[in-house]
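Summary of the model geometry
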Amino acid sequence: MLKITSIAISMLILIQSLNVHFDDLVELDELIEHAQFHAEEYGDNFFVFISKHYGELKAEHSKKHQEEKEEHERLPFQHQSQTLTLYAHVLYQTPDNTLGVDFSVDPNPNFFYQASYRSLVQEGLLQPPRQA
């Protein structure tokens with residue numbers, strides 16, 4: 001069942017990415033009827049029909065055949081759609097809820113620091129040889 005669901009969702013995403021709507025699938029019979037009309041009336045094959053309604057010859061065919069305008073509007077894949085994606089980046093600052101902590105320096109400290117190592121180089125015991 002999981003495979004069938006994933007295949008169905010994948011097909012849905014594919015169809016939507018090709019911009020095919022459910023109305024276009026319903027109107028496929030209009031496309032077939034109008035293609036048969038063109039084959040009988042003008043002798044067009046299917047590729048010329050597609051070119052006249054969706055391709056290079058669309059503007060010329062629309063000018064010459066104004067009487068078929070209503071039929072052309074009922075053909076599938078005639079819709080104009082636009083996809084707009086808005087991204088909103090909301091920048092906000094976190095409220096400054098820091099507590100006021102007083103760092104006071106005690107003038108009479110309770111401790112002292114004494115270096116726990118001594119460098120022999122500073123004392124001069126181990127000096128590198130010098131040129132004479």
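Everything here concerns the structure above.
Here's a quick rundown of the structure. (Residues numbered from 1 in each chain as written. Predicted model: local features only at pLDDT ≥ 70, side-chain atom pairs only at ≥ 80, totals over all residues. Heavy atoms only, no water.)

1. Some words on a negative patch on the surface
Counted only if it meets this: Patch membership requires more than 30% relative accessible area and the absence of a salt bridge. Residues of like charge join within 9 Å; the nonpolar side chains Val, Leu, Ile, Met, Phe, Trp and Tyr join within 5 Å. Here the open area of atoms and residues is found with the Shrake-Rupley method and a 1.4 Å probe, where only the protein chains shown may cover a residue. In what follows, salt bridge is the name for a side-chain nitrogen of Lys or Arg lying within 4 Å of a carboxyl oxygen of Asp or Glu. When charges are counted, neither His nor the chain ends are considered; positive counts come from Lys and Arg and negative counts from Asp and Glu. By convention, the point assigned to a charge is CZ for Arg, NZ for Lys, CD for Glu and CG for Asp. Secondary structure elements are taken from DSSP: a helix is a run of H or I of four residues or more, a strand is a run of E of two residues or more, and numbering for both begins at the N terminus.
Together, Glu67, Glu70, Glu71 and Glu73 line one region of the surface with negative charge. Among the structural elements, Glu71 can be located in helix H6 (residues 69-73).

2. Regarding the layout of surface pockets
Defined as follows: The way it works is a 1 Å grid over only the protein atoms, where trapped points that fit a 1.4 Å probe form a cavity and open points with protein on both sides within 12 Å along at least five of seven lines form a pocket, and then any residue with an atom within 4 Å of a point lines it. Grid points are joined across faces, edges and corners, and a volume is the space filled by probe spheres set on the points.
In this structure, the largest pocket spans a volume of roughly 160 Å³. What lines the largest pocket is simply Lys52, His53, Lys58, His61, Ser62, His65, Gln66, Lys69, His72, Glu73, Leu75 and Gln78.

3. Some remarks on the pattern of salt bridges
Cut-off, in case you're wondering: The cut-offs for exposure are 20% and 50% of the maximum accessible area for each residue type, with area from a 1.4 Å probe on protein chains only; residues under the lower value are buried, those over the upper are exposed, and the others partly exposed.
Tallied over the entire structure, the rule returns two salt bridges. In this structure, Lys52 and Asp44 form a salt bridge, with 2.7 Å as the shortest nitrogen-oxygen distance. You'll find Lys52 and Asp44 in the same group, each marked buried.

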